[in-house]
Amino acid sequence: MAHTARSDEEKREYFDPPDVLEEKVDMLVQWIKDSKHMIAFTGAGISTGAGIPDFRSGMDTKLSTGPGAWELRAQGASRDRAKYRTTSTTKAIPTPTHMMFVKLQEEGILKFCVSQNTDGLHRRSGLPKTALAELHGNSNLEVCQKCGREYLRDFPTRTAFGIFAHETGRKCDDRKCRGPLCDTIINFGENLPEADLNKSFKEGGIADLCLAMGSSLTVTPAAHIPRLVSESGRKLVIVNLQRTALHSMGTLCIHAKCEEVSTMVMKKLGLPIPEFRLKRLVLITTSHCEDKGEVEVAIEGQDAFGYIFSFLTGVDMTENGGHGRTHHLREPFGIKLPWKPTDPSGEEMKVELTFHFQGHYGEPSIARNLVIKKGMKDKLSYLKLSYNPFNGQWTVTDEESKVEGEGRVSEQLEKASIN
Ligand SMILES: [Zn+2]
């Protein structure tokens, strides 16, 4: 199936002439406007614009990322790094196509996105997990085999070599569980995640418009979803340079680069394509235990939608408002310190927190003051951050302190094994 060599005709790239492209995109835009339930189906072709090579492009491809990984393997060739511009998935910046889907979802137009990509760019771009099925996994995600808890990481999780081997060597943070974590990559011959697959078929069953972009529509069962839409007489629009396995089934087939089509579509819809920002949410929980004469601080990273997300390489906590001893914390981040008030009234203790990031986009560390008030219990504060990779600046989009939650500090401390 997937790895079999492709014929020259299958590898041939088509480019619609400008007037034809214009006409086709006009038609697509009208259908998007008319749609009641639009879904997207995406493949590696939407990420080549971000510098991530695809699988099936031929040796003479017009793409700047060069031939596909499987084509190189079939030809016994290796990638000419001087000729082609490629980027690792962790450093890649989501393309106009990814950002188009973020905007269309925010506008309520796009209802769901089924992706075959493992590069994690849909989630990084800001598409909520609830509107997305990553049928072949996410290279940044690992899952506990005992309790099912998901850990999104700002680094590739896969460490295993065998096709059917998935343990990453890390363990669940929950001390009562400590189950082995496994990467979520689906290799050929392995079953797809059932819940995501069922949801995708359900969405395919009700979609009146399926926009398939950057996929050869070859790999099953994923490709059965656009097929299902077409077979039941609903609209299937295919955007791909090569002819796809469902070419004759497409209501409309557009041959152009995905990012070019996305830019045209959004312009014609009168909607801006949002510029990519790296979104980070840091939760800080603080308690003062008067009877023990201690303070407890716990820190956790989350994505914009509340899912656990490891994006900090470390947190430094400096006592005495940033002028005392510094403690270097590792994930899961939690610490207990003696209560040492830093103001004359003895009512509060100030520490400085410095957050260190993975830095795939060169994002610098950030320092913030944390004020711990006498007698405060499980006080949750948060820091919402947005990083612009184009100018290297962090923006604090929101910073608030509110008292809520119970037992969060102790839960984090328990995970951190600090006693
Ligand atoms: Zn677990």
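Residues numbered from 1 in each chain as written. Predicted model: local features only at pLDDT ≥ 70, side-chain atom pairs only at ≥ 80, totals over all residues. Heavy atoms only, no water.

1. Section: the packing of aromatic side chains
Applicable threshold: By convention, a stacked pair of Phe, Tyr or Trp rings (six-membered ring in the case of Trp) has centres within 6.5 Å and planes under 30 degrees apart, an edge-to-face pair has planes over 60 apart, and any other such pair is tilted. Secondary structure elements follow DSSP: runs of H or I no shorter than four residues count as helices, runs of E no shorter than two count as strands, and numbering proceeds from the N terminus. Remark: exposure states derive from per-residue accessible area (1.4 Å probe, protein chains only) relative to the maximum for the residue type, with buried under 20%, exposed over 50%, and partly exposed in between. Remark: a charge is flagged as sitting over a ring if the NZ atom of Lys or the CZ atom of Arg is within 6 Å of the ring centre and within 35 degrees of the ring normal.
Here the structure, examined in full by the defined rule, presents seven aromatic pairs. Ring centres 5.9 Å apart and planes at 55 degrees place the aromatic pair phenylalanine 276 and tyrosine 361 in the tilted group. Here the residue phenylalanine 276 occupies a position in the loop between helix H8 (258-269) and strand S11 (278-289), and tyrosine 361 occupies one in the loop between strand S17 (348-357) and strand S18 (366-373), the gap between them amounting to 85 residues. Overall, the relative accessible area of 2% leaves phenylalanine 276 in the buried class. Both rings, one in phenylalanine 311 and one in phenylalanine 357, keep their centres 6.2 Å apart while their planes meet at 10 degrees; by these two values the pair is stacked. With phenylalanine 311 in the loop between strand S13 (309-310) and strand S14 (312-318) and phenylalanine 357 in strand S17, this residue pair connects regions lying 46 residues apart in the sequence. When its relative accessible area of 7% is taken as the criterion, phenylalanine 357 is described as buried. Each member of the aromatic cluster is reached from another via a ring pair, and the members are Phe309, Phe311, Phe357, Tyr387 and Trp394. Between the NZ or CZ atom of arginine 123 and the centre of the ring of tyrosine 307, over which it lies, the distance is 5.5 Å.

2. Some words on the domain arrangement of the protein
Bring the parts together and some accessible area is lost; that lost area is often taken as the interface size. Short version of the rule: A domain assignment, automatic or from a database, supplies the domain bounds used here. Buried area, as used here, totals the accessible surface that two parts lose on assembly, with accessibility defined by a 1.4 Å probe and the loss added over both. Whenever two N or O atoms come within 3.5 Å, that pair is a polar contact, provided that in protein one can donate a hydrogen and the other can accept it, and provided that, for residues adjacent in sequence, both atoms are side-chain atoms.
Along its sequence, the protein is organised into domain 1 (8-139 + 185-269) and domain 2 (278-415). Of the roughly 780 Å² buried between domain 1 and domain 2, counting both surfaces, carbon and sulfur atoms make up 64%. Linking domain 1 with domain 2 are three residue pairs in polar contact (both at pLDDT 80 or more).

3. Considering the UniProt feature "domain: Deacetylase sirtuin-type" (unreviewed entry) in the protein
Stated formally: UniProt positions are given in the numbering used here, feature names are shortened, and annotations may be inferred rather than shown by experiment.
As recorded in UniProt, the feature "domain: Deacetylase sirtuin-type" (unreviewed entry) lies at residues 18-272. Taken end to end, residues 18-272 comprises 29% helix and 17% strand; its first and last C-alpha atoms sit 22 Å apart.

4. Here's the deal with the sheet that holds S17
Whether parallel or antiparallel, the strands of a sheet pair through hydrogen bonds between backbone atoms. Test applied: Think of it this way: DSSP has to see at least two bridges between two strands before they count as a pair. Fitted lines through C-alpha atoms serve as axes, helices being fitted only where they are in contact, and the angles separating the N-to-C directions of these axes extend from 0 to 180 degrees.
Reading across from one edge, S15-S14-S17-S18 is the order of the four strands in this open sheet, with antiparallel pairing throughout. Strand pairing shows two members of the sheet lacking a second neighbour, strand S15 (326-329) and S18, which therefore form its edges. Strand-to-strand twist of the sheet, defined as the mean angle between neighbouring strand axes without regard to direction, takes the value 25 degrees. Here eight bridges tie S17 to S18, and the two strands are oriented antiparallel to one another.

5. Side note on the coordination of the zinc ion
To keep things clear, this is the line we draw: Metal coordination here is assigned from N, O and S atoms located within 2.8 Å of the ion, or within 3.2 Å for Na, K and Ca; omission of water means that sites may look incomplete. The geometry test gives tetrahedral to four donors whose angles all lie between 85 and 135 degrees, gives square planar to four donors and octahedral to six donors whose opposite members are over 155 degrees apart with all other angles between 65 and 115, and gives irregular to the rest.
For the zinc ion, every protein donor is listed as Cys144 (SG), Cys147 (SG), Cys172 (SG) and Cys177 (SG), and the spread of their distances is 2.2 to 2.4 Å. Bound by four donor atoms, the zinc ion shows angles of 98 to 116 degrees at the metal and therefore tetrahedral coordination geometry. In terms of primary sequence, the donors binding the zinc ion are separated according to C-x2-C-x24-C-x4-C. Residue cysteine 144 is found in strand S4 (residues 141-144), and its partner cysteine 172 is found in the loop between strand S6 (167-171) and strand S7 (180-183); the two are separated by 28 residues along the sequence. The burial state of cysteine 144 is the same as that of cysteine 172; both residues are buried.

6. Remarks on the packing of helix H4 (residues 96-106) against H8
The description of two packed helices rests on the angle between their axes and on the distance between the axes. So the rule is basically this: When the near helix sits turned anticlockwise from the far one by under a right angle, the crossing is termed left-handed; a clockwise turn instead gives a right-handed crossing. Should any heavy atoms of two residues lie within 4.5 Å, those residues are counted as being in contact. Lys, Arg, Asp and Glu make up the charged group, whereas Ala, Val, Leu, Ile, Met, Phe, Trp, Tyr, Cys and Pro make up the nonpolar group; the residues left over, Gly among them, are polar.
One can describe the packing of H4 onto H8 by two numbers: an axis separation of 8 Å at closest approach and a directional angle of 35 degrees. In this structure, the crossing between H4 and H8 has a hand that is left-handed. On H8, the residues that touch Pro96, Thr97, Met100, Lys103 and Leu104 of H4 are Cys258, Glu259, Ser262, Thr263, Val265, Met266 and Leu269. In terms of residue class, the contact of H4 with H8 is built from seven nonpolar, three polar and two charged.

7. Focus: helix H6 (residues 194-206)
Basically, it comes down to this: Here a helix's expected span is defined as the number of its residues, less one, multiplied by 1.5 Å. Working note: the arc is built from the helix axis to C-beta atom directions.
Over its 13 residues, H6 extends 19 Å from the first C-alpha to the last, a length consistent with the 18 Å expected when each residue adds 1.5 Å. Three or more residues of H6 are buried, namely Leu197, Ser200, Glu203 and Gly204. Buried residues of H6 fall within an arc of 125 degrees about the axis and therefore sit on the same side. Exposed residues lying more than 90 degrees from the buried face of H6 are Glu194, Ala195 and Lys202. In this structure, the buried side of H6 is in contact with strand S1 (38-42), strand S2 (110-115), strand S3 (132-134) and helix H7 (224-231).

8. Focus: the UniProt feature "active site" (unreviewed entry) in the protein
Residues annotated in UniProt with the feature "active site" (unreviewed entry) correspond here to His136. Following the sequence through the fold, histidine 136 ends up in the loop between S3 and S4. Those residues in contact with histidine 136 that lie beyond four places of it in its chain are Ser115, Gln116, Thr118, Thr184, Ile185, Ile186, Leu192, Val219 and Ala222. Only 3.3 Å separates the side chain of histidine 136 from the backbone oxygen of glutamine 116, close enough to count as a polar contact.

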